[in-house]
Amino acid sequence: MSLQERDKKHLWHPLKQHQLNPESLAIVQAKDCILTDEDGNEYIDAISSWYTCMYGHCNDYIIEATHKQMQRLDHVMFSDFTHEPAVKLSEELIKILPHNQNKIYFNDNGSTAVEAGIKMALQYYFNKDEKRSLFIAFEDGFHGDTFGAMSVSGLSVYNGPFEDFLINVKRIPVPNDSNTDSILQQLKTLVSNHKIAGFIYEPLIQGAAGMKTHDANGLNTILNFFKTRNILTIADEVMTGFGKTGKNFASDYLEAKPDIICLSKALTAGLLPMAITSCTQDIYEGFLSEDISKGFFHCHTYSANPVACAAAIAGIELLTSAKIQNNIQNIIKSHTDFKKRIQNHPKVKTTRHLGVIFALDLNTKMQRYGDLRDKLLKFFMDRGIFLRPLGNTIYIQPPYVITNAQLQKVYQTLEDVLDIV
Ligand SMILES: *Cc1c(COP(=O)(O)O)cnc(C)c1O
């Protein structure tokens, strides 16, 4: 029996209506940018398996670093103990994070990195005897699937069963050329009527919303507004972190730095699940007290897993290498050329790109998980490309190690798919 058949017996997949769509493709191998299925078909992983394996699948350098670590120290509790990989990772991360970040808190996925950020903000004020209970977030933001993260996410189509149980959130539109003043007006009203703990945002580009970009100046203005009102800002860089936008972090494009940053996905180079919530010294000090209960009592069993830390350290070494930085610039150049080639196509409504992320919106209306989307997905897979349309957006977010020939094949397939929509 094939893996695909055996899968159906006991497995329940995420983001899937099994009655309508029972099949899952069995992948047996991955190397660099190529996924191989159980029948031997190969696919270019043009979205880096959800923005994780940016240095390629089964990267030898990452494998060697983790293998060495496994033989020395596999895991130990991070409550009461520490170890070299965690210490070293904190040192290396602080070197590349926005300069106001000074403390590293470990989690194990993007949602819990956000969850910890939300709890840090709430308790920061609670510890000062201030009760603040409202968060502000962007419309159409995505921050994960645990309750806090789900609450601040604006893409709520699938949140129906849980809506009565979410924390209190008000939404603002993302800034564009012309709406910043009206957003500020809205914020002033919110601030005078509510006790606001924090503002959470995906900086410059909203991934799950369909790689939607917004205005950096406007975002700066919004962040500065929160700073003057003593409201914490939480940058969710789970998707944007580690070079995707052309800089190490999307926050590097902005003058106003966040108080808290959430990281995951490419953090461990696609090898192991791990996440981090970083923060400023000021936030950390807000938890120091003679009173034990003012400490941060949020913990995951596998916090700071040494092997995952080793993968992250090796990932940062690759990210900051001349070779990868060069690759990123080459991909940006190729995207710029492709945008010119395709932007006037009658089926294309808009195109945009930021760093290695390229997206185009089709003129056609497409449902997030509808028939046309399935048809396009199949078209790409038949052509040996793994791309995953989001609504009527098709986007590319290739590993930094994609070859030019592979990237050109992805572009060509994207151009060809326009004939069938
Ligand atoms: C993927 C993602 C998350 C959630 O991360 P998980 O590891 O899937 O829980 C949160 N925020 C953003 C911006 C993401 O892209």
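Residues numbered from 1 in each chain as written. Predicted model: local features only at pLDDT ≥ 70, side-chain atom pairs only at ≥ 80, totals over all residues. Heavy atoms only, no water.

A. Structural context of the overall build of the protein. Each helix and strand in the protein was counted, giving 13 helices and 16 strands. Projected onto its principal axes, the C-alpha coordinates of the protein cover approximately 60 × 55 × 45 Å. In the protein, buried positions account for 53% of the 421 residues. Considering only contacts in the protein between residues 6 or more positions apart, those separated by 24 or more positions represent 70%. In the form shown here, the protein has an accessible surface area of approximately 19,600 Å², with 52% of it arising from carbon and sulfur atoms. (Helix = DSSP H or I, 4+ residues; strand = E, 2+ residues; numbered from the N terminus. Buried < 20%, exposed > 50% of the residue type's maximum accessible area, 1.4 Å probe, protein only. Contact = heavy atoms within 4.5 Å. Areas by Shrake-Rupley, 256 points an atom, 1.4 Å probe, with all protein chains shown as cover.)

B. Local environment of the UniProt feature "binding site: pyridoxal 5'-phosphate" (unreviewed entry) in the protein. In the numbering used here, UniProt assigns the feature "binding site: pyridoxal 5'-phosphate" (unreviewed entry) to Gly 110, Ser 111, Asp 236, His 300 and Thr 301. A maximum C-alpha distance of 22.6 Å among these annotated residues, which run over 192 residues, shows that they spread across the structure rather than meeting at one spot. Lining residues of the second largest pocket drawn from the annotated list: His 300. With respect to the secondary-structure elements, Gly 110 resides in helix α5 (residues 110-126). Here Ser 111 shows up in helix α5. Look past the residues within four positions of Ser 111 in its chain and what remains in contact with it is His 143, Gly 144, Asp 145, Thr 146 and Ala 149. (UniProt positions renumbered as here; feature names shortened; annotations may be inferred. 1 Å grid on protein atoms, 1.4 Å probe; cavity = no way out; pocket = protein on both sides within 12 Å on 5 of 7 lines; lining within 4 Å.)

C. Highlighting the UniProt feature "binding site: substrate" (unreviewed entry) in the protein. Following the UniProt record, the feature "binding site: substrate" (unreviewed entry) maps to Trp 50, Lys 265 and Arg 388 here. Its location among the elements puts Lys 265 in the loop between β11 (260-263) and β12 (275-279). Contacts of Lys 265, omitting those with residues within four sequence positions, involve Trp 50, Tyr 51, Thr 52, Val 238, Met 239 and Gly 270.

D. The arrangement of the nonpolar core in detail. Leu 89, Leu 93, Leu 187, Phe 199, Phe 242 and Leu 387 are the most contacted members of the largest nonpolar core, which has 96 residues in total. Among the elements that line this core, the one with the most residues is helix α10 (residues 306-319), at nine residues. Mapped onto the domain boundaries, this core takes at least three residues apiece from domain 1 (3-58 + 322-419) and domain 2 (60-320). (Core = buried A, V, L, I, M, F, W, Y, C linked by side-chain atoms within 4.5 Å. Domains from an automatic or database assignment.)

E. Main features of the site of the ligand. Around the ligand, the neighbouring residues are Asn 109, Gly 110, Ser 111, Phe 142, His 143, Gly 144, Glu 202, Asp 236, Val 238, Met 239 and Lys 265. Between the ligand and Asn 109, the relevant distance is 3.4 Å, taken from an oxygen atom to a side-chain nitrogen or oxygen of the residue. Compared with its free state, where it exposes 380 Å², the ligand has 81% of that area covered by protein. Classifying every residue of the shell around the ligand gives three nonpolar, five polar and three charged. (Near = heavy atom within 4 Å. Polar contact = N/O pair within 3.5 Å; in protein donor to acceptor, adjacent residues only side chain to side chain. Nonpolar A, V, L, I, M, F, W, Y, C, P; charged D, E, K, R; others polar.)

F. Highlighting unusual backbone geometry. In this model, Leu 15 sits at a positive phi of 55°, which is unusual for a non-glycine residue. For Leu 15, the location among the structural elements is in the loop between α1 (3-10) and β1 (27-31). We note that Leu 204 has phi near 70°; this positive angle belongs to a residue other than glycine. Summarising the element assignment, Leu 204 is placed in the loop between β7 (196-201) and β8 (205-206). Under the relative-accessibility criterion, Leu 204 is labelled buried at 6%.

G. Structural context of the environment of Glu 317. Along the chain, Glu 317 falls in helix α10. On the basis of relative accessibility, which here comes to 35%, the residue Glu 317 falls in the partly exposed class. Distance from Glu 317 to Tyr 61, taken between C-alpha atoms, is 9.7 Å for residues 256 residues apart in sequence.

H. View of a nonpolar patch on the surface. A grouping of Phe 147, Phe 162 and Phe 165 is seen on the molecular surface, where their side chains present a nonpolar patch of about 310 Å² in accessible area. Tracing the sequence through the fold places Phe 165 in the loop between α6 (147-152) and β6 (169-172). Judged by its relative accessible area of 57%, Phe 165 is exposed. (Patch = residues over 30% accessible without salt bridge, like charges linked within 9 Å, V, L, I, M, F, W, Y side chains within 5 Å. Salt bridge = Lys/Arg side-chain N within 4 Å of Asp/Glu carboxyl O.)

I. Broad picture of the domain arrangement of the protein. Assigned domains of the protein: these are domain 1 (3-58 + 322-419) and domain 2 (60-320). In this structure, domain 1 and domain 2 have C-alpha centres spaced 26 Å apart. Across the boundary between the two partners, domain 1 contributes 28 residues, which contact 28 residues of domain 2. Summing both sides of the interface, domain 1 and domain 2 together bury roughly 2,300 Å²; the carbon and sulfur share of this comes to 62%. If you sort the residues of domain 1 by the area they bury against domain 2, Tyr 51, Tyr 55 and Leu 354 come out on top, with a joint share of 28%. Taken together, the connections running from domain 1 to domain 2 amount to one salt bridge. Between the two partners, domain 1 and domain 2, sit 12 residue pairs in polar contact (both at pLDDT 80 or more). Taken together, the elements giving at least two residues each to the side of domain 1 that touches domain 2 come down to α2 (48-51), α11 (322-342), β13 (348-354), β14 (357-362) and β16 (393-396). Classifying every residue of the side of domain 1 that touches domain 2 gives 18 nonpolar, six polar and four charged. (Buried area = accessible area lost by both parts, 1.4 Å probe.)

J. Layout of the sheet that holds β1. Ordered in space as β1-β2-β3-β15, the four strands form an open sheet in which the pairing is mixed. Among the strands making up the open sheet, the edge pair consists of β1 and β15 (385-386). Relative to strand β3 (residues 42-45), strand β2 (residues 34-37) is paired through three bridges, and the arrangement is antiparallel. Residue pairing across strands places Ile 34 opposite Ile 44, the latter belonging to β3. (Pairing = 2+ DSSP bridges.)

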